[in-house]
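What follows is each chain in one-letter form.
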Amino acid sequence: PPAAGSACARPGTGRSSWLRLRVLAVLVVVLLVRGVPVPVVEPPQVGLGPEVIYRYPHEFSGGQRQRVAVARALINNPSIILADEPTGNLDSTTSHEIMHLFEKIHELGNTVVVVTHEEDIAGFAQRIIRLKDGHIESDKRNNKKKEEIV
């Protein structure tokens, strides 16, 4: 596994031994590094059933892997979540499921920042900041209703 204190963006990245860890172990390692008592914390609700915690990441679909990555990020109860292309390798249905998950997280009081090149994914945001050549091209509120996006 990565050295203590180092960052690993999501399960499935880093050294090959990190890949062999089961999902439960990945979540527990994050808690142990943070000094959180493991029995007290429940895994975040991210749309994965209890049967998946004993599976290996390579046994998951792309959408399930993204949900594990979200659970791993949420287990520390952050106020801000940075999601860089969270739907990049997913089909449109799964991409929208992940974005609805981020909407729920936002409704709980977390700030969610999503970086994407996909127009439909950007449509889920309340605010869209477009960058070009390292400069802000536009910064606008998104007035579209959720029903219009799906």
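Small disclaimer: the values here were computed from a predicted structure and weren't measured.

### Overview of a nonpolar patch on the surface
Residues Ile80, Leu82, Val113 and Val115 make up a contiguous nonpolar surface patch of about 370 Å² in total accessible area. Every element with two or more residues in the nonpolar patch is listed here: strand E1 (80-84) and strand E2 (111-115). For Ile80, the location among the structural elements is in strand E1.

### Concerning the side chain of Glu103
One can find Glu103 in helix H4 (residues 92-107). We classify Glu103 as buried; its relative accessible area is 12%. Here the side chain of Glu103 touches His100 through a polar contact of 2.9 Å, side chain to side chain.

### Some points on the packing of helix H3 (residues 62-74) against H4
The geometry of H3 relative to H4 is characterised by a closest axis approach of 10 Å and an angle of 15° between their N-to-C directions. It follows from the interaxial angle that H3 and H4 lie roughly parallel. Read as a crossing pair, H3 and H4 show a hand that is right-handed. Between H3 and H4, the residues in contact are Gly63, Gln66, Arg67, Val70 and Leu74 and Thr94, Glu97, Ile98, Leu101, Phe102 and Ile105, respectively. Here the contact of H3 with H4 is composed, by residue class, of six nonpolar, three polar and two charged.

### Brief notes about the confidence of the model for the protein
Chain-level statistics for the protein give a pLDDT mean of 75 and a share of 67% at 70 or above. By mean pLDDT, the top-scoring element of the protein is strand E4 (residues 135-141) (94), and the lowest-scoring one is helix H1 (residues 16-20) (49). Throughout residues 1-18 the model reports pLDDT below 50, and contacts reaching past four residues in sequence, or to other chains, amount to 26 contacts.

### So, unusual backbone geometry
Not every positive phi belongs to a glycine, and Glu85 is a case in point at roughly 50°. Inspection of the secondary structure assignment puts Glu85 in the loop between E1 and H4. The partly exposed category is assigned to Glu85, whose relative accessible area is 22%. The phi torsion at Asp133 lies on the positive side, around 55°, for a residue other than glycine. As for its placement among the helices and strands, Asp133 is situated in the loop between strand E3 (127-132) and E4.

### Some thoughts on H4
For H4, with 16 residues, the first-to-last C-alpha span of 22 Å sits near the 22 Å given by 1.5 Å per residue. Among the residues of H4, Thr94, Ser95, His96, Ile98, Met99, Leu101, Phe102, Glu103 and Ile105 are the ones counted as buried. Where H4 starts, the residue carrying a side-chain oxygen 3.0 Å from the main-chain nitrogen of Thr93 turns out to be Asp91. Remark: Gly109 follows H4 within two positions and exhibits a positive phi of approximately 110°.

### Some points on the nonpolar core
Core analysis: the biggest nonpolar cluster contains 12 residues, these being Val70, Leu74, Ile81, Ala83, Leu90, Ile98, Met99, Leu101, Phe102, Ile105, Ile121 and Phe124. Those elements that place two or more of their residues in this core are H3, E1 and H4. When residues in this core are grouped by element, the largest group, five residues, is from H4. Beyond its immediate sequence surroundings of up to four residues, Phe102 is in contact with Val70, Ile81, Ala83, Pro86, Val112 and Val114.

### Observations concerning the pattern of salt bridges
A full pass over the atoms with the stated rule returns two salt bridges. Here Arg130 makes a salt bridge to Glu119, at a shortest N to O gap of 2.7 Å. Of this pair, Arg130 sits in strand E3 while Glu119 sits in helix H5 (residues 119-122), placing them 11 residues apart in sequence. What makes Arg130 partly exposed here is its relative accessible area of 31%. Judged by relative accessible area, which is 52%, Glu119 ranks as exposed. Two residues, Arg127 and Asp139, come together in a salt bridge whose shortest N-O distance is 2.6 Å. Of this pair, Arg127 sits in strand E3 while Asp139 is found in strand E4, placing the two residues 12 residues apart along the sequence.

Calculation rules
- Residues numbered from 1 in each chain as written.
- Predicted model: local features only at pLDDT ≥ 70, side-chain atom pairs only at ≥ 80, totals over all residues.
- Heavy atoms only, no water.
- Patch = residues over 30% accessible without salt bridge, like charges linked within 9 Å, V, L, I, M, F, W, Y side chains within 5 Å.
- Areas by Shrake-Rupley, 256 points an atom, 1.4 Å probe, with all protein chains shown as cover.
- Salt bridge = Lys/Arg side-chain N within 4 Å of Asp/Glu carboxyl O.
- Helix = DSSP H or I, 4+ residues; strand = E, 2+ residues; numbered from the N terminus.
- Buried < 20%, exposed > 50% of the residue type's maximum accessible area, 1.4 Å probe, protein only.
- Polar contact = N/O pair within 3.5 Å; in protein donor to acceptor, adjacent residues only side chain to side chain.
- Axes fitted to C-alpha atoms, helices over the stretch in contact; angles between N-to-C directions.
- Parallel < 35°, antiparallel > 145°, perpendicular 65-115°, else oblique.
- Left-handed = near helix turned anticlockwise from the far one by under 90°.
- Contact = heavy atoms within 4.5 Å.
- Nonpolar A, V, L, I, M, F, W, Y, C, P; charged D, E, K, R; others polar.
- pLDDT = per-residue confidence, 0-100.
- Expected span 1.5 Å × (residues − 1).
- Core = buried A, V, L, I, M, F, W, Y, C linked by side-chain atoms within 4.5 Å.

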